[in-house]
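Summary of structural features
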Amino acid sequence: MLLSSRPTPAPVGRPLAAAALALVALLAAGRPTHAQGTLGAQGLGYPPGQVSTSALATGGATAEFDALSPLNEAAMLSSPATTIHFQYAPEMRETSLGDASSSSTVQRFPVFGIVGRVGARLALGVHASTLLDRSWATVSSGQFMSNGAVVAYRDEVTSTGAITDVRAAAAWRLAPRLGVGLGVHVYTGENRTEVVETFSDPAFTSFVQRTLVDYNGASLSGGVNWAPVRQLALAASGRAGGTLRMNSGAGTKLSSASVPTRAAAAAQYSGITGAVLAVRGEWQGWSSLDDLGTEDGLDARDTWDLGVGADVAGPRIGNSAVALRAGARLRDLPFAVDGSSVRETSFSGGLGLTLARGRVLLDFAAQRASRDGPADASETGWTFSSGIAIRP
Amino acid sequence: MAFVTGSPRRALVLTALLVLPLAAACSEKLETTGTCPVLCPDQGVTRQESVIPPFSVDTTIVGIPLLGQSMYTMIARAGDTLDVRGIMRFDAPPRFFRPSAGTDSTAITTLQDAFVSVVVDRLVSLLPAPVTLEMYDVDGPGSDTAVAVLAPRFAPERLLGSVVAPPLGAGDTTRFDTLQVPVPTAALLAKLAADLPLRVGLRVVSAGDARVLIVPGNTQLSYDPSPDTTIGPIQISARSITPANNIQQRSDESEFTLVVAGSPGLPDDVEHLTVGGLPGRRSLLQFDIPRAIADSATIVRATLVLTQTPVRGFRALDTLVLLPRPVLASPEVVDPFRLAQLAANPFENIPGAEQRPLDSLRLSPSDSGDVEFELGRLILFWRENVPGTPQRAVVLRSQLEGASPLAVRFFSAQATMEAVRPRLRLTYIPPVAIARP
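Just so it is clear, the structure is predicted and the values come from calculations on it, not from any experiment.

Rules of the game
- Residues numbered from 1 in each chain as written.
- Chains lettered and ligands numbered in written order.
- Predicted model: local features only at pLDDT ≥ 70, side-chain atom pairs only at ≥ 80, totals over all residues.
- Helix = DSSP H or I, 4+ residues; strand = E, 2+ residues; numbered from the N terminus.
- Buried ≥ 20, exposed ≤ 12 C-beta atoms within 10 Å, placed from the backbone.
- Contact = placed C-beta atoms within 7 Å.
- Pairing = 2+ DSSP bridges.
- pLDDT = per-residue confidence, 0-100.

Let us now look at the overall build of chain B. On a plain count of helices and strands, chain B comes out with 7 helices and 24 strands. Every one of the 437 residues in chain B was classed for burial, and the buried ones make up 40%. Excluding contacts between residues fewer than 6 apart, the proportion of contacts in chain B whose partners are at least 24 apart in sequence is 79%.

And the structure:
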């Protein structure tokens, strides 16, 4: 709905080139991930949230109405034309444990997809989004006694990869203010882990262990958007059913678990000229993933995600207004540390630019997150998200 | 604000400014510690140590290298205990020569001179004083490699000639020296006329211990059939023409070491493993690592501990370089002698590769006590370079095997005293259960 509410700009040319340059810069910036012993990346990884850059800027509050966020299928009806979009969202974070702290940078490409319109009432879309990002690395060192001598060791443990949620969805406008949608999800992805231990004593050879696991699974989802009055829109969405399997690199099934059930509801108020206010709540039954881990390995817990945000028309560039966004979010992360849940509080802001007569949409967001875990562990992070949407 | 009524150019500037934080995030590359192990569950690398009796087989293989396959042809003498001689065969010396260009070849009827030349590696020889090398005609009927047949032919009536090898003086680093042992022309002419081979034997005559190591392949017979200085002498390398049906054996028997009396103090009993000596000995060690460790854990250190027992009869300063070498045979090979032969440095001819999969050790035969061999790189070699099930076996050999009387002995797994039996000290790491948290 926010996308469709943007005014169409006029000039074509340099802004389009600028968008292309920005995209090239984003793509060229890709580097391996680096993360270490963090609060966010426990268990099977960190859930980026499956929200677009614009929704992230509003604390996730507008995600249920956002065609680019693959959460509510009915929201695809808000896209006025076929749209291809791509998102890049690196996070720089600092984790503290007592007096010690460590910094890391995680690079993510959390959402990309395409939404197409077929007539006025039907929208179809395919999205790929990161469900859980398990990219991190830790470095630790120490000493041990061997045959009466002290030997120093250094451990480097690396995990890369993610569980990706690929959703094919259709949305149908039942009435001018009522849309519904259904989605089929396929889960894919892999985790590559590497453990390397090296020793100060040349009599030792290095220990290297490389492991690959991959995932597959499926589930169904649905959503509804309803505007009972002109200034108010309501939305609800959910995901249920299906199984997620973890397999070894050789294809042997290691474990399986139910795909976490998800239920969300949101409201959006546009009664103030040039402004949209939104609030959203979501529950996810992550604890079902406990069966995916070892008997005492995962400590997955059900989570709540609450967000509130605003999107207002800001100053104009050319014939388009810059969308200014802000939001706040409070959520739990699915995997506990040392028996304690990890809670994330974040504040975010951003803006959106419409270029090339509405053919190019650029969104930027910055999110400051704070995470609290066990007594003396905490984490802060900056996520700088950028998204580009092109309507060919 | 400046961009309230701005142009697309301002949009470009704004976009560039917004991209900057993203670029900054890309440039980050940080490595810190401090949050492990509390925030690093499931990453525990646990090291375990175990000392095991290592072998399914440990045995001494006598007779390696085979006849003629030593890296040197050794001629040695040590009192009354060691007597090693060299045999060189010139089985087909040319009997004709061409007196001048364009003429037919003609039978050799006169010789200006004749000699056998050998190249001595002085740095590995033991030449504390001048020694005499005597050369004998050892050709005759009967088994042509048997000590019992050949040794009596080193008799005064068969003496062909001799030469004195100079000692290796202090500071002398000249490695190779060519010695020429004269051959009586009449004796050689008689051989040529009768179409007989010239087979010679060399032995050392010395007041003290002496070892002369001859570089095989460089031994030549030279004889000059013409006084015409424009016609060069005939030079031929050692070559055997028997046995007719085995080209490898012919090559090996062209020049070989004849051990008349071998290294002293080397009884071949099951309680000991012997390496080196004359005739050459290798020790074959076949490892029996528990499956629980070999199949699932990663061995990061493997130390083989052998207890050395002294070998008497050598000088205190004498040392032997011991080379552990992995067996490179396929699992189908089970014959210990064959396994002991098929041991080599697998990286020897690979440029840039690790040249020493296992460290060599310099040992004195007269020493005793525990000797440790680090086999970690061998374990790594088995793990990474050998598909399937490798022969988990090591051969201990001497660097100068077949060319040095020195030997070292260790207690074997059959030793009466358990404390001196071989043992393998392993440090290993079980799999880290990190993929499935």
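If you tally the helices and strands in chain A, you get 2 helices and 19 strands. When the 392 residues of chain A are sorted by exposure, 51% land in the buried category. In chain A, once contacts between residues fewer than 6 apart in sequence are set aside, the share between residues at least 24 apart is 65%.

This part covers the pairing of strand β16 (residues 272–276) of chain B. All names here are of chain B. Counting buried positions over the 5 residues of β16 gives 4, a clear majority of the element. Across 5 bridges, the pairing between β16 and strand β23 (residues 407–411) is antiparallel. Along β23, the bridge assignment pairs H272 with F411.

A word on unusual backbone geometry. If a residue is not glycine, its phi is most likely negative; likewise, a peptide bond is most likely trans. Put simply, I64 of chain B and P65 of chain B share a cis peptide bond, and its omega is 10°. Along the chain, P65 of chain B turns up in the loop between β2 (55–62) and β3 (73–78). Along the chain, T242 of chain B connects to P243 of chain B via a cis peptide bond; the corresponding omega equals -5°. Checked against the element boundaries, P243 of chain B lands in the loop between β14 (234–237) and α4 (247–252). Positive phi, close to 50°, is recorded for N147 of chain A, a residue that is not glycine. Mapped onto the secondary structure, N147 of chain A falls in the loop between β6 (136–146) and β7 (149–175). A positive phi angle, near 55°, is found at D195 of chain B, a position not held by glycine. Within the secondary structure, D195 of chain B sits in the loop between α3 (185–193) and β11 (198–205). Taking the number of C-beta atoms within 10 Å as the measure of exposure, D195 of chain B has 9 and is therefore exposed.

Looking now at the confidence of the model for chain A. Fine structural detail should not be taken from predicted coordinates in areas where pLDDT scores are low. With 90% of its residues at a pLDDT of 70 or more, chain A shows a mean pLDDT of 87. Low pLDDT, under 50, characterises residues 1–36 of chain A; the predicted model gives this stretch 97 contacts beyond four residues in sequence or across chains.

The next subject is the environment of G223 of chain A. All names here are of chain A. Residue position: G223 is located in strand β9 (residues 207–229). Taking the C-alpha atoms as reference points, G223 and F86, 137 residues apart in sequence, are found 22 Å from one another. For G223, the contacting residues outside a window of four places in its chain are N72, E73, A74, A75, G181, A235, A236 and S237.

Residues and elements named next belong to chain B. This prediction gives chain B a mean pLDDT of 85; 87% of its residues lie at or above 70. In this model, residues 1–6 is a region of pLDDT below 50 whose contacts with residues beyond four sequence positions or in other chains number 9 contacts. Contacts for the low-pLDDT stretch residues 27–32, under 50 throughout, to residues beyond four places or in other chains number 11 contacts.

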